[in-house]
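# Structure assessment
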Amino acid sequence: MKIKSAEFVVSNSDVAKCPKEKLHEYAFIGRSNVGKSSLINMLMQRKSLAKTSGRPGKTQLINHFLINKNWFLVDLPGYGYAKVSKSSKRVFQKFITQYFAEREQLVLAFVLIDSRHEPQKVDLEFMQWMGENGVPFCIVFTKQDKVKPNALLRNIETYRQKMLATWEEMPRYFVTSSSNSTGREELLKYIGEVNVEMD
Ligand code: GTP
Ligand code: MG
């Protein structure tokens, strides 16, 4: 899919205030610092469309971006970031889960996983929650440039085994790097196909 335009639309913490347009919407979610905002910039080939930071907790709101004037990408705050105060952490989690439970325009979520790490409880629990709530998702293994090819394959296989303990099959997955644009074409192609399917 060709990206002709990508515009920031609105940030907020209230699902009810998200854009009203009935456009297909794709959301990026995952632990703080996993690379959600960077991935959006990489896909859109824009350096700072979404705000990124080396420190976790950068994205704190629901951010809508209008792509090619006919679908939305959504950048969300990370989960599992222990350093934010307990009360604000609860607010993030509440509006994140509210977003997924209530947002009718949402077609598909991408759950980002750092490809360097072993399966983490918080990610497995989040995907479990998505499954129980009927939210379709794919997995995106991020930061591919930080891991050797063999370790990447091993980590994905470990993930597959872990997922198969509770899921019938491993969800569709992508491998990406925001540093070298790995996975860009494949991910955009898939979104394009889903957009057509949903029309
Ligand atoms: P929060 O908004 O805090 O939840 O984080 P986020 O998931 O949006 O992460 P963000 O995109 O801000 O990236 C976090 C850090 O990881 C930044 O320092 C990025 O430069 C770095 N990063 C993200 N993706 C990649 C990648 O593919 N490769 C490498 N090497 N670094 C990456
Ligand atoms: Mg972010």
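Scroll up to find the structure this text is about.
Residues numbered from 1 in each chain as written. Chains lettered and ligands numbered in written order. Predicted model: local features only at pLDDT ≥ 70, side-chain atom pairs only at ≥ 80, totals over all residues. Heavy atoms only, no water.

Below, the discussion takes up the coordination of the magnesium ion (ligand 2). Note on the magnesium ion (ligand 2): its protein donors are Ser-37 (OG) and Thr-59 (OG1). The metal-donor distances range over 2.0 to 2.2 Å. Taken as a pair, Ser-37 in helix α1 (residues 36-44) and Thr-59 in the loop between α1 and β3 (62-67) lie far apart in primary sequence, 22 residues in all. The same class applies to Ser-37 as to Thr-59, namely buried. (Donors = N, O, S within 2.8 Å, 3.2 Å for Na, K, Ca; no water. Helix = DSSP H or I, 4+ residues; strand = E, 2+ residues; numbered from the N terminus. Buried < 20%, exposed > 50% of the residue type's maximum accessible area, 1.4 Å probe, protein only.)

Below, the discussion takes up the site of ligand 1. Not every one of the 22 residues close to ligand 1 is listed here, only the nearest: Lys-36, Ser-38, Gly-57, Asp-145 and Ser-178. Contact distances for ligand 1 include 3.1 Å between an oxygen atom and a backbone N or O atom of Ser-53. Against a free-state accessible area of 660 Å², the protein chains account for coverage of 86% of ligand 1. (Near = heavy atom within 4 Å. Polar contact = N/O pair within 3.5 Å; in protein donor to acceptor, adjacent residues only side chain to side chain. Areas by Shrake-Rupley, 256 points an atom, 1.4 Å probe, with all protein chains shown as cover.)

With that out of the way, let us pick up the nonpolar core. Of all hydrophobic cores here, the largest spans 32 residues; its most connected members are Tyr-99, Phe-100 and Met-127. Elements with a contribution of two residues or more to this core: β2 (24-30), α2 (86-102), β5 (106-114), α3 (121-132), β6 (137-142) and α4 (149-164). Ranked by the residues each element gives to this core, the list is headed by α4, at 5 residues. Those residues within four positions of Phe-100 in sequence are excluded, and the remaining contacts are Ala-27, Ile-29, Leu-76, Leu-106, Ala-109, Phe-126, Trp-129, Met-130 and Val-135. (Core = buried A, V, L, I, M, F, W, Y, C linked by side-chain atoms within 4.5 Å. Contact = heavy atoms within 4.5 Å.)

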